[in-house]
Amino acid sequence: MATQLPEPIIEQTYYLNMGPQHPSTHGVLRLFLKLDGEYIIEADPIIGYGHRGHEKMAESHLYEQFLPNASRMDYLSGLIFNHGYVAAIEKMAGIEVPPRAEYIRVICAELNRISSHLLWFGTYIMDLGGFTPFLYAFDDREIILDILDRVTGSRLTYSYCRVGGVAKDVDDEFIAATRGFIQRLRSRWEDYHNLVTKNVIFIHRTKGVGVINREIALRFGCSGPVLRAAGVVYDIRRVEPYSVYPDLQFEIPTGTAGDAFDRYMVRLQEIEQSLRIIEQALERLPEGPIRGRAPRNVRPPRGDSYFAVEAARGALGFYIVSDGTRYPYRLKVRAPSFGNLQVLTEMLPGTLVADTISILGSIDIVVPEIDR
Amino acid sequence: MSFDDFREELRKVVDPAAIRASDHGIKGYSLEVTARSDQVGRIARAARDTDLFLEAISGVDFTDCFQVVYFFNGFGAGSRVQVRVKVNKGESLPTISTVYDAALWHEREVFDLFGIAFDNHPNLRRLLLPEDADFHPLRKDFGKVHAVRSTDEIYGDPTA
């Protein structure tokens, strides 16, 4: 017989561990949630499961030896990390890069940005319960991986850039395949929007969910699509132009509300802009050498330097302290997802557990990049 | 609010001789500020009030002391500011997490990797390493490093 409690329990809070092995956390992230029924009272993202000590490794390696590490932080936009690291050294040591190499870097980096956004698109919709768009996105992404595989030799963890240039020249087949990809993705763009953007379930799960406005973004140091969805026109490619970006025409898509739907739209529009950039870069791709004059072992002058690039997830920074030798004295990586994840401590309280998936997905984190 | 406002505010907080302009194209930041630990809080408030965000906090270990490096940045071109604070070994820094929420994690990371404590931080526990770790890996006496230098060897006057 059931025992009658003297008084009904009105409120009870409990804790829920989401992760570290949850499918929607995309990596080893643990969200420690304090719940009142289905509502979140407190959220504590616990990171560090994938900490490999990249920054420590740098201190005992030559600048060139650290090259493969850069793309292993963010394995989805590895080429942009690779490019950023190499460009940071070049700027510090004053090494010139031939224009052909710069254009190749930009083309490959933008292809990588598209592949990263396509993966995000597929998995985000899958987190929300739609399986089909995932197949569309991976179908297109596979072409990029094949193109990059041919020229760089790897599918995800690229070590393509070299100090003073790139490792391998591109050929006509690369150019033809890239042109073909641009055409193909554009022809399928309407399908993407018909499948997802106009889907009423998707709209209900993203509109007004997880609003990150300008003020919150400023407090937490958010960057990338998360910041731009809040209406801030801030893109490192425009604010602190590097490589050949000043010569290329592109727009910076922004949102207005700063909710999950706006972040989705910003990323989709960014893919279109990246296609534009690649198209122009292919047109202008100059002839010439792909490796400039760079010393075998680079020795940046004594002192420090900060270099930022726009990675797929936001502002990526390399802070290098050099003691004038062939080894970095200190290498600090400012990971874009770091601030974008921390904002969850502010966003999640007051929302439903079901929305956690939508908010976490819309932020697009890559945990190994935060853990380093 | 603009970057120039911040520069004005900064002059009120720190000695103008400690503020140096640097070439953004080479260094990546427009202002280089050498501050004392008791000035950090006021600098951070000035940065917040002039619409800058906290980009990163990093530590650097030297033979004689730690240097904690703050990066503030705005949404305009060339508005990154480096604030460098000397922290003697065994000493702590005041927290700026009351000013910037982002500092909650950045300071935890510096504490985790360097063992530099931040006074009045509401939740100063390890961020990346397991909670039972008994070492601070980015100190130069831990693991394998190429060199240990003094502050002057890196940041000192290059002509001296």
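Remember, it's a predicted structure, so these values are computed and weren't measured experimentally. (Residues numbered from 1 in each chain as written. Chains lettered and ligands numbered in written order. Predicted model: local features only at pLDDT ≥ 70, side-chain atom pairs only at ≥ 80, totals over all residues.)

(A) The arrangement of the sheet that holds strand β1 (residues 13–18) of chain A in detail. All names here are of chain A. Strand order across the open sheet formed by 3 strands is β1-β2-β3, with antiparallel pairing between neighbours. Two strands close off the open sheet at either side, each with one partner strand: β1 and β3 (39–46). When the angles between neighbouring strand axes are averaged without regard to direction, this sheet yields 20°. The pairing of β1 with strand β2 (residues 30–36) spans 6 bridges and is antiparallel. Bridging from a neighbouring strand, Leu16 pairs with Leu33 of β2. (Pairing = 2+ DSSP bridges. Helix = DSSP H or I, 4+ residues; strand = E, 2+ residues; numbered from the N terminus. Axes fitted to C-alpha atoms, helices over the stretch in contact; angles between N-to-C directions.)

(B) Structural detail: the interface of chain A and chain B. If you look at the interface, chain A gives 38 residues, while chain B gives 32 residues. Counting residues per element, the ones that place at least two in the side of chain A that touches chain B are α1 (54–58), α8 (214–220), β6 (303–311), β7 (314–322), β8 (328–334) and α12 (336–342) of chain A. If you tally residues by element for the side of chain A that touches chain B, the top one is β6(A), at 5 residues. Of the residues in the side of chain A that touches chain B, the class split is 14 nonpolar, 11 polar and 13 charged. (Contact = placed C-beta atoms within 7 Å. Nonpolar A, V, L, I, M, F, W, Y, C, P; charged D, E, K, R; others polar.)

(C) The pairing of β7(A), seen in detail. All names here are of chain A. By the criterion of burial, β7 is predominantly enclosed, with 9 of the 9 residues buried. Note: β6 against β7, 9 bridges, orientation antiparallel. Across the sheet, the residue bridging to Ala308 is Gly317, located in β7. With antiparallel pairing between neighbouring strands as the criterion, β6 and β7 make up a hairpin whose turn holds 2 residues. (Buried ≥ 20, exposed ≤ 12 C-beta atoms within 10 Å, placed from the backbone.)

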